[in-house]
Amino acid sequence: MRSLLFKLVLPLLALSAAPQAFGAVQCDATRAIKLSSEQLALAAQTEAVLRNGGMTPDLANVDAIHSLSLSQFAGYRQREATSTAHVVATIWQRETPSAAIAARAYVHAQQQQAQTNCPAAEELFSTALEIARKALGDGDILTVRIMHELAILYRLQRRLPERLALYRRIADVLRADPTLGARLPELYLEMSDMAFRNKDFKQAEQYARDAMAHLDKGAKPPPRAVATALYEAAAALYAQNQLQEGDKLRDRANTIVGADGVAKSSAPQAAAVDSVAALYKSGQIDAALAKALQRVQAADAKMAELTQALTVLQADPASQPALATAARKGELAKASRAIEAQQRDSVYALADAGELYQSQGRLAEAEPLYRKANAMLTWDKASKSTLAARLARELGILARKKGEMKEAVQFQQIAYANVESELGPDHPDALEAQAELAYLFAAQGRLTEAGEYYAALAAREEQRADADRDMLSDYLLPLAEVQVRQGNLSGAESNFNKVALLWRQGGTKNVPYLMAGLTGLGKIYTKQGKVAEAKRIDTELAALKRAK
């Protein structure tokens, strides 16, 4: 479920609040936040005062300005939210460095990251890190925590060089003070992953073993963390061709977590879960659907109630412009804001229920929910871009599954336009829409357009410092197929060969991708009459099939 909602509390959460778990955070989709009408009103007041020069951007007002940034992002005004967050970062940068200032800036960064505003989070993490280094030095646990979370953010953004530089600094700190590693064993897990990506498999193994050692010393080590350390060490051993040793660690990890990655436990079952997401993840699909539909019905009932209340207010003679008092105008404005907030809730309830139905292949039931949500996007026409994109994307996928390719193209073009205008052409949601368009064009025989999209996507991925082989293969394989249909066998041969090379060298081979690349090459060689080359490919494919 993409839009799991959580509540933003204004003013800010206490500094002692637990940080958000980074495992649930991504930069590839906007996380929606549910705001009450009172919270929206407070943010609107802050924005108005700030715009009119009635609020000085200083330490006394930094929390209110930060809250405004969170509210703007929740309202799908991403660029304004990031700009406001820059004002917050500037305030912190002007302050005399201290542990307290670093800690407050760090919390602001965590909250932006939890909301998936990654550009704002990056600036605030970098600001907090600079302050912490000046006030406390690299060896303080707060500085190390900030470096660690900034490095994770770089991983989410696929920025390998910046991530590597930070982990080298962290490694230096841990060598100087090993006790820090005992307090933060998760550092070693990230560094193991980093070393593995750099093909330093021996170091990756050592970091994973360090993580295991520190976790095992804990009173109640988190089972999934222990399993992750074991899997990291096993992967490093496999890469060093130490297969039996790797199997031992992998088997131990498998005794800790099940096939679904959930930690095994002999403890009594916890209280029954009742959230849509929890029910879905636990495999209780029917219960999750029932819960999602209850949310839709409750949202509809609340909307009807609020609309009726506003109608009554507007019908009251005391509400007419000539007679309305300031108090009555305030009541009308409050009622309108309540409807706005409820419309947001209704749209998300509908979209979530639609996604549940779609995940079960129940397209006929998913479509009206999506269309109703799309029709309700009138509450904020200027700031609906990413939400409109989400609904258009899902409607486009539904249309494709129904064979309505032209309508599917129209929806995906809307999705791309909305995401591109708000988040830029390189945002993962924009790339997903482009890939879907490429597929749709190919399915309609519009090969030139399909080829252009696939080629651009592949080129963009190849330029990344930390290119994703799976994603690159997903672009190169259909591009090669399009080129075959166009008669461009040399281009297709080159791209099939690229995929094969990607999975022949380094790391664990992904057999399906490798076989797809080789199969494509074999067909081309056969068409070209290259008997020896085709036979060589057949031999390699036969060996892969036997191994599989």
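Note that this is a predicted model, so its numbers are computed, not measured.

Enquirer: Quick one: what's the story with the pattern of salt bridges, residue by residue and with numbers?
Expert: Tallying each qualifying case throughout the model produces 24 salt bridges. Between Lys-372 and Asp-300 there is a salt bridge, and its shortest N-O distance comes to 3.1 Å. Taken together, the residues Lys-372 in helix α16 (residues 363–375) and Asp-300 in helix α14 (residues 285–315) connect sequence positions 72 residues apart. The class of Lys-372 is partly exposed, set by a relative accessible area of 37%.

Enquirer: Could you give an account of the packing of aromatic side chains, naming the residues involved and the relevant values?
Expert: On inspection of all chains with the given rule, the structure shows four aromatic pairs. Aromatic side chains Tyr-188 and Tyr-207 sit 6.2 Å apart centroid to centroid with 40 degrees between the ring planes, which places their arrangement in the tilted category. Within this pair, whereas Tyr-188 is found in helix α9 (residues 186–197), its partner Tyr-207 is found in helix α10 (residues 201–217), the two being separated by 19 residues in sequence. Across this residue pair, the class does not change: Tyr-188 and Tyr-207 are buried.

Enquirer: Got a sec to walk through the nonpolar core? Specific residues and values, please.
Expert: By size, the foremost hydrophobic cluster in this structure holds 64 residues, and its most contacted members are Trp-92, Phe-125, Ile-146 and Met-191. By residue number, the principal contributor to this core is helix α6 (residues 141–156), which donates 10 residues. Among all residues touching Ile-146, those that are not within four sequence positions of it are Tyr-106, Phe-125, Ala-128, Leu-129 and Ala-132. Residues Val-296, Leu-306, Leu-313 and Ala-366 belong to the second largest nonpolar core, which totals 39 residues.

Enquirer: Give me the lowdown on the environment of Asp-140, citing residues and values where you can.
Expert: Relative to the assigned elements, Asp-140 resides in the loop between α5 (118–136) and α6. What makes Asp-140 partly exposed here is its relative accessible area of 26%. Here the alpha-carbon distance between Asp-140 and Leu-180, two residues 40 residues apart in the chain, equals 8.6 Å. A polar side-chain atom of Asp-140 sits 2.9 Å from the main-chain amide nitrogen of Leu-142.

Enquirer: Go over helix α2 (residues 62–74) with me, naming the residues and quoting the values.
Expert: The end-to-end C-alpha separation of α2 is 18 Å, in line with the 18 Å expected for 13 residues at 1.5 Å each. Burial runs high along α2: 11 of the 13 residues are buried. Within the span of α2, buried status applies to Val-62, Ile-65, His-66, Ser-67, Leu-68, Ser-69, Leu-70, Ser-71, Gln-72, Phe-73 and Ala-74.

Enquirer: Account for the packing of helix α21 (residues 469–486) against helix α23 (residues 511–527), naming residues and giving values.
Expert: Orientation of α21 relative to α23, taken along the N-to-C sense of each, is 20 degrees, at an axis distance of 11 Å. Viewed along their axes, α21 and α23 adopt a mutual orientation that is roughly parallel. Relative to α23, the crossing made by α21 is left-handed. In this structure, α21 contributes Asp-470, Ser-473, Asp-474, Leu-477 and Val-484 to the contact, and α23 contributes Tyr-513, Ala-516, Gly-517, Ile-524 and Lys-527.

Enquirer: Any chance you could break down the confidence of the model for the protein for me, citing the residues and the numbers?
Expert: Mean pLDDT over the protein works out to 79, with 82% of the residues at or above the 70 mark. The secondary-structure element of the protein with the lowest mean pLDDT is strand β1 (residues 6–7), recorded at 23, while helix α20 (residues 447–462) shows the highest, at 93. With pLDDT under 50 throughout, residues 258–273 is counted as low confidence; its partners more than four residues away or in other chains account for 16 contacts.

Reading the values: the criteria
- Throughout, residues of each chain are indexed from 1 in the direction in which the sequence is written.
- pLDDT decides what is reported in this predicted model: residues at 70 or higher carry local features, side-chain atom pairs at 80 or more are listed and counted, and totals for whole chains, interfaces and linings draw on all residues regardless.
- The basis for the side-chain values is all heavy atoms of the structure; hydrogens and waters are excluded.
- Any Lys or Arg side-chain nitrogen located within 4 Å of an Asp or Glu carboxyl oxygen qualifies as a salt bridge.
- Elements are defined by DSSP. Helices are runs of H or I of four residues or more, strands are runs of E of two residues or more, and each kind is numbered from the N terminus.
- Only protein chains enter the accessibility calculation, which uses a 1.4 Å probe. A residue is then buried if its area is under 20% of the maximum for its type, exposed if over 50%, and partly exposed in between.
- When the centres of two rings from Phe, Tyr and Trp lie within 6.5 Å, Trp using its six-membered ring, the rings pair. Their planes under 30 degrees apart give stacked, over 60 give edge-to-face, and anything left gives tilted.
- We define the nonpolar core as a collection of buried residues of types Ala, Val, Leu, Ile, Met, Phe, Trp, Tyr and Cys that are connected through side-chain atoms lying within 4.5 Å of one another.
- In this description, contact between two residues means that some pair of their heavy atoms is separated by no more than 4.5 Å.
- Side-chain atoms alone can form a polar contact between residues adjacent in sequence; in general such a contact is a pair of N or O atoms within 3.5 Å, and within protein one must be able to donate a hydrogen while the other accepts it.
- Here, expected helix span is obtained from the residue count minus one, scaled by 1.5 Å.
- As a rule, the C-alpha atoms of each element are fitted with a line to give its axis, helices using only the stretch in contact, and angles between N-to-C directions run from 0 to 180 degrees.
- Under this scheme an angle from 65 to 115 degrees is roughly perpendicular, one under 35 degrees roughly parallel, and one over 145 degrees roughly antiparallel; angles in between are oblique.
- The handedness criterion is simple: a crossing whose near helix is rotated anticlockwise from the far helix by less than a right angle is left-handed, and one whose near helix is rotated clockwise is right-handed.
- Residue-level confidence of the predictor is summarised by pLDDT, bounded by 0 at the bottom and 100 at the top.

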